[in-house]
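Residue-level structure breakdown
Here is what each chain is made of, one letter per residue.
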Amino acid sequence: QLQAYGGGLVQAGGSLRLSCAASGRTFSRYGLGWFRQAPGKEREFVATISWSGGSTFYADSVKGRFTISRDNAKNTVFLQMNSLKPEDTAVYYCAAEPTGIGLDQVSVYSYWGQGTQVTVSS
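An account of the accompanying structure is given in this report. On a predicted model such as this, the values are computed, not experimentally measured, just so you know.

Right, let's talk about the packing of aromatic side chains for a bit. This structure, assessed with the given rule, holds eight aromatic pairs. Relative to F57, the ring of F45 lies with its centre 5.7 Å away and its plane at 20°, an arrangement referred to as stacked. In this pair, F45 sits in strand β5 (residues 44-49) while F57 sits in strand β6 (residues 56-58), placing the two residues twelve residues apart along the sequence. Look at F45 and you get buried, because its relative accessible area is 13%. Looking at R17, its charged tip hangs above the ring of F78, at a distance of 4.1 Å from the centre. A cation sits over an aromatic face here: R43 above Y93, 3.7 Å from the ring centre.

Structure representation (structure tokens):
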């Protein structure tokens, strides 16, 4: 029900824009988030946005470089990633949580997309 796309290979310092489109149901009242998982590591929080878009929260590691946004009319969430670093390399997942607040815990998210690979070369 969530489809993430937009990943790819980029050089350090470059930019990518991830998108996540929902189908089958509307997520306009859900908080939406992005998480990532590097090989051999646990899935970690990247960014989240409240149902209205009025509140956003970022992991310290991406603050000032990544921007999350959403378009409820299109049932889509975006992640603009600038100034990418090799340590940003991971599979990126979008997810939806029912409180609508926009939370950073993996466990509260009930819908997950399939992930899109982001690779940043040095």
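Anyway, onward from the coordinates.
So, on to the state of the cysteines. Applying the stated rule across the entire model yields one disulfide. Across a sulfur-sulfur distance of 2.0 Å, C20 and C94 are joined as a disulfide pair. For the disulfide bridge between C20 and C94, the dihedral angle about the S-S bond is near 55°, and by the sign convention the bridge is right-handed. With C20 in strand β3 (residues 16-22) and C94 in strand β9 (residues 90-97), the pair connects residues that are 74 residues apart, well separated along the chain. Judged by relative accessible area, which is 2%, C20 ranks as buried.

Criteria and cut-off values
- Residues numbered from 1 in each chain as written.
- Predicted model: local features only at pLDDT ≥ 70, side-chain atom pairs only at ≥ 80, totals over all residues.
- Heavy atoms only, no water.
- Phe/Tyr/Trp six-rings, centres within 6.5 Å; stacked < 30°, edge-to-face > 60°.
- Helix = DSSP H or I, 4+ residues; strand = E, 2+ residues; numbered from the N terminus.
- Buried < 20%, exposed > 50% of the residue type's maximum accessible area, 1.4 Å probe, protein only.
- Lys NZ or Arg CZ within 6 Å of the ring centre and 35° of its normal.
- Disulfide = S-S within 2.5 Å.

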